Amino acid sequence: MVKSKIKSSSKDKMFTILLYAIFSLGFIIILYPLWFIIIASFSDPAAVSTGKVLLLPKGFTLDGYKALLKESDIWIGYRNTILYTLVGTLIGLFVNICAAYSLSRKDLVGRKAFMTFFIITMFFNGGLIPTFLTIKSFNLYDTFWVMVLPFSVSVYNIIVARTFFESSLPTDLWNAAQIDGCGNLRFFFQIVLPLSKAIIAVIGLWIAVGQWNSYFNALIYIKNPDLYPLQLVIRNILITNQMQGSIGTGEAALIALRTANLMRYAVIIVSTVPIMCVYPFIQKYFNKGVMIGAVKG
Amino acid sequence: MLKRHKSKISFKMIQRNWGLYLLLIPAVILLICFTYIPMYGVLIAFQDFSPTKGVFGSEWVGFEYFKKFFNSYQFWPTIKNTLFISLYSLVASFPIPIIMALFLNQLQGKKFRKIFQTVSYLPHFISTVVMVGMLIVLLSPSTGLIGSIYSLFGLEAPNLMGNPGAFSSLYVWSDIWQHCGWDSIIYIAALSAVDPSLYEAATVDGASRFQKLIYIDLPMLIPTAVILLIMRMGSLMSLGFEKIYLMQNDLNLSHSEIISTYVYKIGILSSQYSYSSAINLFNTVINLILLIIVNTVSKRVSENSLW
């Protein structure tokens, strides 16, 4: 092995150099836009627009963040998103893990029929309007619950968790527990769950990130601004430019416009920081989850 | 006799495993309420639906709303945009994670490899809203990164977000930027299953590293790639609403109006429930046909299929 490495031809060496060049370029392409947003959020907007901010902040300022602090909408959105994420993750975990365990048991009569019942929903749904009308008919429109309950079943997550249970829990375990007079529910809550912390972490994190980042359901089902999640609030600031209506003309307007632009950089940072902070700790779990899911394809 | 015996056993099994059914109930109820009941609601596509009369009381109009869509001036542009963006996205974004996994697998520096992987997954966790917000601020000709770069050379930056011709490329390449690292995970996993003795045999035969990549690694990825390709083809017409809707503006609408954004505007914003459902149903049927065609072809050609 060692010898073959030493003898590796010059062609192979070229290949290695090429690889490192490609991946170094990849690093820059991925990281530079993110870095630019960070430095731009701390820089004097005039320096940004004249191209002086490229590697480090210029004319350090916190005006963008200060302006952001005054926007009460953002903090309401933050609070709402934290609540939606917490409650949504708990509900999602409960519903999906329970179903997944049940479906992982080979002695479940009607297992195949249930599986079909679940999988059909991956390919078909009623579409936007029928779902919208159903939500209205359940009186869930414009309520807290519409954000956490109706769409909490994820068949993909169920399949991943089911695969995990099938491969990691030996059938003998259940047989032994049964002989000792342990029922299904007790077995699930006292033995299966403590043994399955890894999969619970993976699925919980998936649901939490999904909740944190989602805006579609809120766009369709939420009308009351007090219930807006963070993503919908920042959409209004970043994309629909709602602030610019109040800006007049002249010197003051120019300053206001610049602060508004600075604030857009700051908004990106403030809304993404929580996920980026937990990301390094959780990314290996995400990885694992994709692998478990991939086994069953 | 045997049958009765069997059904007696399964009845006993059901009785003994009542706890398992209890665990299933929450998910089943939620799916019935919020997925299966709306499926039934698809019927309103064939009705002149009014919310006060409900699905049972509304008048049946047959295919009238489908005809209305086929004859509307929006029909061809939305279909064309949907298919074009979808195909462009498929052709550009499908091979990149595969190439990335193949090359990454060749990197000998374990640490470099690990760091690159961690960094490349990072953009995947940025929300769609922030992603589109980033595009808008970075591509702003007056205050963004593109403005800075152009002004370095003393040039005026173009307004890419307002240019209809640039829309599809912006959509596709920002998507690749965001997801190609993440999408490569599944291929990296498949590559870790390669039998090392294959490499040793290839080394003995004097194969270069690039040859090993082509003749050993690439074939390992084909089954996974085919399955993913079939699934992508099956959703060709259901191009994601979220990002495109956010990227739309008055200037680029001619090239950015797709079926799902049109369904949203007709249905939710102007409350034409039946018309919107008809368009959506048409879309679903096309998707289903595509899925079946691709799956059948793949079954014949490569023996890889979804069912």
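Residues numbered from 1 in each chain as written. Chains lettered and ligands numbered in written order. Predicted model: local features only at pLDDT ≥ 70, side-chain atom pairs only at ≥ 80, totals over all residues. Heavy atoms only, no water.

Q: Tell me about the overall build of chain A, and name the residues and values.
A: When its secondary structure is counted, chain A shows 14 helices and zero strands. The secondary structure elements of chain A, listed N-terminal to C-terminal, are α-α-α-α-α-α-α-α-α-α-α-α-α-α. Considering chain A as a whole, with its 297 residues, one finds that 49% of them fall into the buried category. Long-range pairs, those at least 24 residues apart, make up 72% of the contacts in chain A between residues at least 6 apart in sequence. Of the roughly 14,600 Å² that chain A leaves accessible, carbon and sulfur atoms contribute 68%. (Helix = DSSP H or I, 4+ residues; strand = E, 2+ residues; numbered from the N terminus. Buried < 20%, exposed > 50% of the residue type's maximum accessible area, 1.4 Å probe, protein only. Contact = heavy atoms within 4.5 Å. Areas by Shrake-Rupley, 256 points an atom, 1.4 Å probe, with all protein chains shown as cover.)

Q: Describe in detail the domain arrangement of chain B, supporting the description with residues and values.
A: All names here are of chain B. Domain annotation for chain B reports domain 1 (2-60) and domain 2 (64-302). One C-alpha centre belongs to domain 1, the other to domain 2; they are set 35 Å apart. Listed by partner, the interface residues are eight residues for domain 1 and seven residues for domain 2. Around 610 Å² of area is buried between domain 1 and domain 2 when both sides are counted, 69% of it from carbon and sulfur atoms. Summed over the shared surface of domain 1 and domain 2, the result is zero salt bridges. Summed over the shared surface of domain 1 and domain 2, the number is four residue pairs in polar contact (both at pLDDT 80 or more). (Domains from an automatic or database assignment. Buried area = accessible area lost by both parts, 1.4 Å probe. Salt bridge = Lys/Arg side-chain N within 4 Å of Asp/Glu carboxyl O. Polar contact = N/O pair within 3.5 Å; in protein donor to acceptor, adjacent residues only side chain to side chain.)

Q: Report on the packing of helix 5 (residues 72-104) of chain A against helix 6 (residues 111-123) of chain A, specifying residues and quantitative values.
A: When two helices pack together, their arrangement is given by the angle between the helix axes and by the axis-to-axis distance. Residues and elements named next belong to chain A. For the pair helix 5 and helix 6, interaxial distance at closest approach is 10 Å and the crossing angle is 140°. Overall, the two elements helix 5 and helix 6 adopt an arrangement that is oblique. For the pair formed by helix 5 and helix 6, the contact residues are Ala 99, Leu 103 and Ser 104 on the first element and Arg 111, Phe 114, Met 115 and Phe 118 on the second. Residues belonging to the contact of helix 5 with helix 6 are distributed by class as follows: five nonpolar, one polar and one charged. (Axes fitted to C-alpha atoms, helices over the stretch in contact; angles between N-to-C directions. Parallel < 35°, antiparallel > 145°, perpendicular 65-115°, else oblique. Nonpolar A, V, L, I, M, F, W, Y, C, P; charged D, E, K, R; others polar.)

Q: Explain the domain arrangement of chain A to me, and be specific about the residues and the numbers.
A: Residue and element names in this part refer to chain A. Domain boundaries assigned for chain A yield domain 1 (1-61) and domain 2 (66-297). If you look at the interface, domain 1 gives ten residues, while domain 2 gives six residues. Both sides together, the interface formed by domain 1 and domain 2 hides about 680 Å², and carbon and sulfur atoms give 81% of it. Among the residues domain 1 hides against domain 2, the three largest losses belong to Ile 37, Ser 41 and Pro 45. Together they make up 60% of the total. Between the two partners, domain 1 and domain 2, sit zero salt bridges. One can count zero residue pairs in polar contact (both at pLDDT 80 or more) joining domain 1 with domain 2. Of all the secondary-structure elements, those providing two or more residues to the side of domain 1 that touches domain 2 are helix 2 (10-41) and helix 3 (45-49). When residues in the side of domain 1 that touches domain 2 are grouped by element, the largest group, five residues, is from helix 2. Along the lines of polarity and charge, the residues of the side of domain 1 that touches domain 2 split into seven nonpolar, three polar and no charged.

Q: An account of the pattern of salt bridges is needed here, citing residue identities and associated values.
A: Two side chains of opposite charge can pair, provided their charged atoms sit close to one another. Residues and elements named next belong to chain A. A full pass over the atoms with the stated rule returns five salt bridges over all chains. Residue Glu 166 is joined to Arg 111 by a salt bridge in which the shortest nitrogen-to-oxygen separation is 2.4 Å. With Glu 166 in helix 8 (residues 155-168) and Arg 111 in helix 6, the pair connects residues that are 55 residues apart, well separated along the chain. Arg 162 serves as the salt-bridge partner of Glu 166, at 4.0 Å between the closest nitrogen and oxygen. Of this pair, Glu 166 and Arg 162 both sit in helix 8, separated by four residues, roughly a single helical turn. We classify Glu 166 as partly exposed; its relative accessible area is 22%. Here the salt bridges do not stand alone but share partners, grouping Arg 111, Arg 162 and Glu 166 into one network.

Q: For unusual backbone geometry, give the residues involved together with the corresponding values.
A: A positive phi angle, close to 60°, is found at A:Asn139, a residue other than glycine. Relative to the elements of secondary structure, A:Asn139 occurs in the loop between helix 7 (128-137) and helix 8. We classify A:Asn139 as exposed; its relative accessible area is 66%. Not every positive phi belongs to a glycine, and B:Ser271 is a case in point at roughly 55°. Checked against the element boundaries, B:Ser271 lands in the loop between helix 16 (259-269) and helix 17 (273-302).

Q: Any chance you could break down the nonpolar core for me, citing the residues and the numbers?
A: One finds A:Tyr101, A:Phe118, A:Phe165 and B:Met134 to be the most contacted residues of the largest nonpolar core, which totals 175 residues. The dominant element in this core, judged by the number of residues it contributes, is helix 5 of chain A, at twelve residues. If sequence neighbours within four positions are ignored, A:Phe165 has contacts with A:Ile97, A:Ala100, A:Tyr101, A:Ser104, A:Val192 and A:Ser196. Counting seven residues, the second-largest nonpolar core is a separate cluster that includes B:Val226, B:Met233, B:Leu291 and B:Val294. (Core = buried A, V, L, I, M, F, W, Y, C linked by side-chain atoms within 4.5 Å.)

Q: Lay out the interface of chain B and chain A with the relevant residues and their values.
A: In this assembly, 87 residues from chain B lie in contact with 92 residues from chain A. Taking both sides of the interface into account, the surface hidden between chain B and chain A amounts to around 8,400 Å²; carbon and sulfur atoms contribute 79%. Summed over the three residues of chain B that lose the most area to chain A, namely B:Leu23, B:Phe34 and B:Phe125, the buried surface amounts to 9% of that side. In this assembly, chain B and chain A are joined by zero salt bridges. If you look at where chain B meets chain A, you find twelve residue pairs in polar contact (both at pLDDT 80 or more). Here the side of chain B that touches chain A gets 20 residues from one element, more than from any other, and that element is helix 2 (residues 18-40) of chain B. Grouping the constituent residues of the side of chain B that touches chain A by class yields 61 nonpolar, 23 polar and three charged.

Q: Give a detailed account of helix 6 of chain A, specifying residues and quantitative values.
A: Its 13 residues place the ends of helix 6 of chain A 19 Å apart at the C-alpha level, agreeing with the 18 Å of an ideal helix rising 1.5 Å per residue. If you check which residues of helix 6 of chain A are buried, you get A:Arg111, A:Met115, A:Phe117, A:Phe118 and A:Thr121. Summarising the axial view, the buried residues of helix 6 of chain A lie within an arc of 155°, below the 170-degree limit, and thus occupy one face. Among the exposed residues of helix 6 of chain A, those pointing more than 90 degrees away from its buried face are A:Lys112 and A:Ala113. In this structure, the buried residues of helix 6 of chain A make contact with helix 5 and helix 8 of chain A together with helix 2 of chain B. (Expected span 1.5 Å × (residues − 1). Arc of directions from axis to C-beta.)

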